[in-house]
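# Results of the structural survey
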Amino acid sequence: MDKPQFKGQKYMKEKETRTLYRLTGVSKRYGSGEIAINAVDAIDLEIEDGEFVVIVGPSGSGKSTMLQLLGALDRPSGGRIEFEGRDLQALGDRDLAGLRSKTLGFIFQQFNLIPTLTAQENIEIAMAPRKLASAERVDRALKALERVGLLDRAGHLPSQMSGGEQQRVAIARALSNQPDVLLADEPTGNLDSKTGETILTLLHDLWADTGLTIVLITHDQSIAAKAPRVIRFADGRIVGDDRTFTSGREPETVGAGNE
């Protein structure tokens, strides 16, 4: 299989761009005093609606912490995170939970499928907080499985599927709540290179076809090399922000920030 090339996608060319995320001076510290660790350190960042962004950096660089902050899974120690113009710090736990269940979709390195449930059931249970009718849950689950090419595996348990198939089920699960943003933390980390390319191609096709905003975390430089926008992390800071395609504009390179 040819490695995916993240080229410009039609959706971004057809719509006006708007800022989805705006981060101003965002930091995340763990511990205190001399043992305090700045996992994320004074980050200024904007992500437009409909972008495919890869955040790349070595282990411990702060990229996964950044994804948790973008996903409202954690709160910053300092600074401001705005999502669609709303200050996430000002939202209560219930509002943040609603944001995560209705607007954000998550994919992790670990597939996190329930071993005793079929692929379809794993997807349906993710929709439980939405309190949808049973028929709608079934319809969404089957459509999501069809979207990732696994409709024929709907009745299979995770143990009856390959790693790549399990990750595709995890992607279908993330899509079932019809999110606006897909956040992926090392989604190919547990897969061999060929299967990983299949997953990347699937994510690219989702982005190209739907205009879904995707933020993908990786340590793999080969993935970053093909992405339309690459944000490079080191020691909790942004050391590079490069665009090869943005909103239908000509290819450009953005100088490093937060050095």
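Computed from a predicted structure; not experimentally measured.

Take the packing of aromatic side chains next. Throughout the structure, instances matching the rule amount to three aromatic pairs. Judged by centre distance (6.1 Å) and plane angle (0°), the ring pair of Phe-106 and Phe-108 falls under stacked. Under the relative-accessibility criterion, Phe-108 is labelled partly exposed at 31%.

We now examine the sheet that holds strand E6 (residues 104-107). Strand pairing in a sheet takes place through backbone hydrogen bonds and is either antiparallel or parallel in direction. Taken in spatial order, the six strands of this open sheet run E6-E7-E8-E3-E9-E10, and their pairing is mixed. Edge strands, defined here as strands with exactly one partner in the open sheet, are E6 and strand E10 (237-243). Neighbour-to-neighbour, the strand axes of the sheet open up by a mean angle of 15°, direction not taken into account. Bridge count for strand E3 (residues 52-56) against strand E8 (residues 213-218) is five bridges, and the pairing is parallel. Note on E8: the bridge partner recorded for Val-56 is Thr-218. Contacting E6 and strand E7 (181-185), helix H6 (residues 163-175) runs over the sheet at an angle of about 170° to E6. Set on the sheet, helix H7 (residues 193-210) makes contact with E3, E6, E7 and E8; between it and E8 the angle comes to about 155°.

Turning our eyes to something else, we now look at unusual backbone geometry. Look at Ala-72: it is not a glycine, yet its phi comes out positive at around 55°. Looking at the element boundaries, Ala-72 is found in the loop between helix H2 (63-70) and strand E4 (78-83). Look at Gln-178: it is not a glycine, yet its phi comes out positive at around 55°. With respect to the secondary-structure elements, Gln-178 resides in the loop between H6 and E7. Residue classification places Gln-178 among the exposed positions, given a relative accessible area of 52%.

Turning to the environment of Ser-222, a few remarks are in order. Its place among the elements puts Ser-222 in helix H8 (residues 221-224). There is a polar contact of 2.5 Å between the side chain of Ser-222 and the side chain of Asp-220.

Let's shift gears to the packing of H6 against H7. The geometry of H6 relative to H7 is characterised by a closest axis approach of 10 Å and an angle of 20° between their N-to-C directions. In this view, H6 runs roughly parallel relative to H7, as classed from their interaxial angle. In the crossing of H6 with H7, the sense of the turn from one axis to the other is right-handed. In this structure, H6 uses Gly-164, Gln-167, Arg-168, Ile-171 and Leu-175 to contact H7, whose residues at the interface are Thr-195, Ile-199, Leu-202, Leu-203 and Leu-206. For the contact of H6 with H7, the residue count by class is six nonpolar, three polar and one charged.

Parameters at a glance
- Residues numbered from 1 in each chain as written.
- Predicted model: local features only at pLDDT ≥ 70, side-chain atom pairs only at ≥ 80, totals over all residues.
- Heavy atoms only, no water.
- Phe/Tyr/Trp six-rings, centres within 6.5 Å; stacked < 30°, edge-to-face > 60°.
- Buried < 20%, exposed > 50% of the residue type's maximum accessible area, 1.4 Å probe, protein only.
- Pairing = 2+ DSSP bridges.
- Helix = DSSP H or I, 4+ residues; strand = E, 2+ residues; numbered from the N terminus.
- Axes fitted to C-alpha atoms, helices over the stretch in contact; angles between N-to-C directions.
- Contact = heavy atoms within 4.5 Å.
- Polar contact = N/O pair within 3.5 Å; in protein donor to acceptor, adjacent residues only side chain to side chain.
- Parallel < 35°, antiparallel > 145°, perpendicular 65-115°, else oblique.
- Left-handed = near helix turned anticlockwise from the far one by under 90°.
- Nonpolar A, V, L, I, M, F, W, Y, C, P; charged D, E, K, R; others polar.

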